[in-house]
Structure formats: C-alpha cells, structure tokens
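# Descriptive structure summary
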Amino acid sequence: MLGMLVGVGIALVGTLAGLVPPLLSLNQPAQQRQQALLLGMGARFLITLVMLLAIVLGTPVDRLSVAIWTALAYLVLLAVDVAALANLLNRAPRSAS
C-alpha cells in the first residue's frame, strides 16, 4: 500500500510540474504553444524520473512496487494530460498566420 501511494504521488507531482509550461503559453502563437507542450512533457518525464530514483535509492520502501505504480500512474496521467491539453490548446486563441 505504501508503494502505491508513493508511486502515484511521484507521478502526480511530475504531472503537475509538466502542466506549467503549456498553461503559461495559452495566449501565445500556435508554434509556441506546441513547443510548450513538448517542454512540459520533457519536464514531466525528467522530474518523475529524478524523484523515482531518489525514492528508490534513498529510502527503504519496496523498490519494485514503487517503480511499477509510478510507471502505471505516469502512463495514465500522461494519456489524460495529452488529451486534455490538446483540446485546451485547440481552443486557445489562434494567431493570424
């Protein structure tokens, strides 16, 4: 149970950090919004990976369960975020290009 909570928490923190660049770019031109979406995905991955490694290597929790739950939660949250952000970015004001 602890491994599940820690793993989902790691994925959730990474997801919330990855949402910052796309949300800040909603009033920007389309190309900058797309770059912000990619930047957010990269930040989400790196933050999740660093936190997972820190927890797995630095604490006595069950490593396998934390890694599995982090991966599962990351994939689910990634699918939800990409769908929601794609919809949100399509609704954002379009630039005259």
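Check the entry above for the structure.
The rules behind these values
- Residues numbered from 1 in each chain as written.
- Predicted model: local features only at pLDDT ≥ 70, side-chain atom pairs only at ≥ 80, totals over all residues.
- Heavy atoms only, no water.
- Helix = DSSP H or I, 4+ residues; strand = E, 2+ residues; numbered from the N terminus.
- Contact = heavy atoms within 4.5 Å.
- Areas by Shrake-Rupley, 256 points an atom, 1.4 Å probe, with all protein chains shown as cover.
- Phe/Tyr/Trp six-rings, centres within 6.5 Å; stacked < 30°, edge-to-face > 60°.
- Buried < 20%, exposed > 50% of the residue type's maximum accessible area, 1.4 Å probe, protein only.
- Polar contact = N/O pair within 3.5 Å; in protein donor to acceptor, adjacent residues only side chain to side chain.

When helices and strands are tallied, the protein chain shows 3 helices and 0 strands. In sequence order, the secondary structure elements of the protein chain are arranged as α-α-α. With respect to the three principal axes, the spread of C-alpha positions in the protein chain is 55 × 20 × 15 Å. Of the contacts formed within the protein chain by residues at least 6 apart in sequence, a portion of 76% connects residues at least 24 apart. Approximately 6,100 Å² of the protein chain is accessible, and the part contributed by carbon and sulfur atoms is 74%.

Attention shifts here to the packing of aromatic side chains. The final tally for this structure, using the stated rule, is 1 aromatic pair. Considering the side-chain rings of Phe-45 and Tyr-74, the 6.4 Å spacing of their centres and the 70° angle between planes classify their relative orientation as edge-to-face. Residue Phe-45 is found in helix H2 (residues 30–58), and its partner Tyr-74 is found in helix H3 (residues 63–91); the two are separated by 29 residues along the sequence. For Tyr-74, a relative accessible area of 14% translates into the label buried.

What follows covers the side chain of Thr-15. Residue position: Thr-15 is located in helix H1 (residues 2–24). Engagement of the side chain of Thr-15 in a polar contact is seen with the backbone oxygen of Ala-11, the distance being 2.8 Å. Apart from the residues lying within four places of it in its own chain, the contact partners of Thr-15 are Arg-44, Leu-77 and Asp-81.

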